[in-house]
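Structural characterization, general
The primary structure of each chain is shown beneath.
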Amino acid sequence: MTRGTSRWLPAWLALFLFAVLMDPLAAWAQEAPPSASVVVGPKSHALELYAAEQLCYYLEKLYGIQTRPVQEIPSGDSIVFLIGDPKTNPAVAKALGPEGWPSISDQGLVLKRGQVDGRLALVVGGGSPKATLWAVYELVERWGVRYLLHGDVLPEKRGQSPTNLRSVPAGTARRVLRTNGDCPLFSKLPDQDVVLEPLLRVRQWKTVSDFANGTEAWGMADYRPVLDQLTKLKFNRILIITWPYQPFLDLKVRGIERRWGTLWWDYRLSITPDMIGRELFGDAKEFWNPDLPAAKDYQAFAAAGEKLLHNLIEYAHGRGMECAMTASLTDFPPEFAPMLKNSRKIKQLGNLSIVPGPDTPPEDPALTELAAAVLRTTVNTYPELDYIFLTTLEHRQWVGRYEQAWAALDAKYGISEVCSLAEVLAATKRRKDYPGGVERALAEVKGDLVLLYFQDRLIHKSQALRGTRRPDMKLIYATGAEELYPLLERILPPGSETLSFIDYTPSRVVRRREVLKNVPGGRKLPATLHFTLEDDNIGLVPQLTTGSLHQLTQDLVRHGWGGFVTRYFSIGDKDPGVAYLSRAAWDRDVTPEEIYRDQVRAVCGPECVDDMLDVFREVEAVTVSLEWHNLGLAFPVPGMMMKHWSPRPMSPELVENRRGYQRALEAAKRARAKTTEAGRDYVDYWVGRLEFAVEYLNAVEALRRAAKADRDKDRPEAIRQTELALSAARRSLEAYARVARDQSDRGAIAQLNEFVYRPLQRKLAALRGQTRE
């Protein structure tokens, strides 16, 4: 036994000693795992507690540090994160001293180093609980996380393990906790403390609105993750756009009540076994909002609609967002036509509601009663709202009494001291390149004057909000006609806001950007502007508008506007533009290219950056061209494809647009060959969408050739070209369906089957039938 031991023990020792000599670190005593304390105050707001929980979540995801929020600073060798402000968390005041907390607004956020009991402390706070939440996300972003609309992208773990993190005196933090991954927990912090204030205080995200490829199709399972991501991107308000045909306001007036409602302008989108992308829709027979029952039972439909909006508002409030919702005071469900003399069907898709006749007096008692009922019902149904948005009609019809309205407003507010009615009309006639021309522009000015007078009477003389559950409800006024901007400071009540729609697309607004100098409501009322990320008239093809929005953002900041509201439908390819808006609202020097490079590098890796920038440049160039030459190209309504049945060839601009999409597709494919695994879905989505766009335009071209052949009585060629159009449409749909990943994509696939693929099938069958005859 002694001999055996003496023979094997040296070998074991030799192996141990060899390992020690080869790697001296193995001889060290095992270090304790890193620790970090996340400290909240005894009076912390629910949002501050959520902010602390989010910080703990990211500490674990990024660095493997498991911790939970506590109210007392624990003893030991840990780095301390102090969440909140001196009022809600006394430890913040202790760490920073009596003069350490900066002077900030309710939206200001703070990342500031301090010291507690000789240990490093980082204050993560803001001027309000929601700003504290943004401060957490700002810190995490500096650690390398990027926020996309479908989720986070975490940085690759590299450099020294965070298990070697040790606390150090505050004065030596930057020396020990240096960059290059030596200690990733603090490596993304700037050398100086961070105090940020927004340049644009209103950062609104549109919800609900219309169309199956938009958020009208979303249930709460779709909204929640996106609202979470928007909070990280520091959006601070949602705007709920509703239409009278939808099931969100159960109106009852004079014994008349609603009996009918629908979705997406009552266009039915059947799910059939032979459709392209059938596998995306489960066992559904019709595409529909997952949180709403079929519209056949109106009462159940309306109850579910109200529940959806209550849930949406509650969730947004839970993320620190304000909530606004539309109330249309001149656009009513058709059941109420008997109340209004000389009412007209609205000039809008489907003609699903009614409006006052052009010469209806603004003082009309029935109209006043009906409009007041809409406002009161909205407030009483949704008293938790922060704002009501008094919207206007896209196509003004109530225009006949504009001179009477001007005279009444002038008598009350002295608007002629600013300019005369003749000067307003003359300025309107000078509008250039406006969709619908001067006639439509004049109708907007006249209709908006009538509406301003009517709203003024309703709010002030009729006291429509008195006796409601929220008589103090704040109002946002739609301000369409820019010629009236200088007057609004006199007309609109203090405490209100304005929301302007200058044109459908950003490049068209840029062409008229001089109007932004006249801030609606002056400097007294926060003014916001529609920022179009995607225009429904251009439709379902890929769009990117960041370059134009960059110019408009700079103008808003320069002239003192309050902010913006996004206008979009699908979200799959909106990450570059949304990331830009998120940062540009706080940083006047940021550029789209800087954001693009950062996002692609973080998501796909550095090898993809140049190729993806080529994608973005090509798509943006195509978008600007479409905004000027092809509004209506892929508008998702009946006739979407068959309107191209024309013997005229595809326009030179559209031919070049296809080349642009093709160049973007080639660049995206180059990027796909270089991307990291984490970025594959990001690039693949662009590849699929661009393949869709190229093939869609191929279908348009073939259909036009078919129409020419049909006109020339060449039936075989007409059939052949229609077959080519159908094949191209099928390839386009298959490419899109392959990358579809959310409810908006599914809605678009349903629309394309209904408005593109099936009509082409019917056209081909008709041509073949005529040939047999």
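Quick note: structure is the one above.
Residues numbered from 1 in each chain as written. Predicted model: local features only at pLDDT ≥ 70, side-chain atom pairs only at ≥ 80, totals over all residues. Heavy atoms only, no water.

Glancing now at the sheet that holds strand β17 (residues 474-479). Pairing is parallel in the closed barrel, where eight strands are placed in the order β9-β10-β13-β16-β17-β18-β19-β20. If you compare each strand with its neighbour and ignore which way they point, the axes differ by 30° on average. Where strand β13 (residues 322-327) and strand β16 (residues 387-390) come together, four bridges link them in parallel fashion. Note that in β16 the partner of A327 across the bridge is L390. (Pairing = 2+ DSSP bridges. Helix = DSSP H or I, 4+ residues; strand = E, 2+ residues; numbered from the N terminus. Axes fitted to C-alpha atoms, helices over the stretch in contact; angles between N-to-C directions.)

This paragraph deals with the side chain of D448. Within the element layout of this structure, D448 appears in helix α11 (residues 437-461). Sequence-distant contacts of D448, defined by excluding residues within four places in its chain, comprise T392, R396, G480, A481 and L484. (Contact = heavy atoms within 4.5 Å.)

The next thing to look at is the pattern of salt bridges. The tally for this structure, following the rule as stated, stands at 58 salt bridges. E489 is the salt-bridge partner of K524, the closest N and O atoms lying 3.9 Å from each other. One end of the pair, K524, is in the loop between α13 (506-511) and β19 (527-532); the other, E489, is in helix α12 (residues 485-491), and 35 residues separate them in sequence. In this structure, the salt-bridge partner of R672 is D684, at a minimum N-O distance of 3.5 Å. Taken together, the residues span a long stretch of sequence, with R672 in helix α18 (residues 652-674) and D684 in helix α19 (residues 680-711) at a distance of twelve residues. Here R672 falls in the partly exposed class, since its relative accessible area comes to 29%. (Salt bridge = Lys/Arg side-chain N within 4 Å of Asp/Glu carboxyl O. Buried < 20%, exposed > 50% of the residue type's maximum accessible area, 1.4 Å probe, protein only.)

Let us now look at empty space enclosed by the protein. All told, the structure shown has eight cavities of 30 Å³ or more when counted by the stated rule. Considering only enclosed or pocket space, the largest cavity measures out at about 200 Å³ in volume. Along its surface, the largest cavity is lined by 17 residues, and T242, W243, P244, L249 and V374 are the ones closest to its centre. Secondary-structure elements contributing two or more residues to the lining of the largest cavity are β13 and α8 (365-381). Of all the elements, β13 adds the most residues to the lining of the largest cavity, at three residues. For the lining of the largest cavity, the class distribution of residues is ten nonpolar, five polar and two charged. Taken as a whole, the second largest cavity spans an internal volume of roughly 80 Å³. The wall of the second largest cavity is formed by T330, V355, P356, T392, L393, R396, Q397, W398, G447 and L451. Residues that form the lining of the second largest cavity fall into these classes: five nonpolar, four polar and one charged. (1 Å grid on protein atoms, 1.4 Å probe; cavity = no way out; pocket = protein on both sides within 12 Å on 5 of 7 lines; lining within 4 Å. Points joined across faces, edges and corners; volume = space filled by probe spheres on them. Nonpolar A, V, L, I, M, F, W, Y, C, P; charged D, E, K, R; others polar.)

What follows concerns the packing of α8 against α11. Packing of α8 against α11 brings their axes to within 11 Å, and their N-to-C directions diverge by 70°. Taken together, the axis directions place α8 and α11 in an arrangement best described as roughly perpendicular. Where α8 crosses over α11, the two elements pack in a sense that is right-handed. For the pair formed by α8 and α11, the contact residues are L367, T368, A371, A372 and L375 on the first element and F454, R457, L458 and I459 on the second. In the contact of α8 with α11, the residues fall into seven nonpolar, one polar and one charged. (Parallel < 35°, antiparallel > 145°, perpendicular 65-115°, else oblique. Left-handed = near helix turned anticlockwise from the far one by under 90°.)

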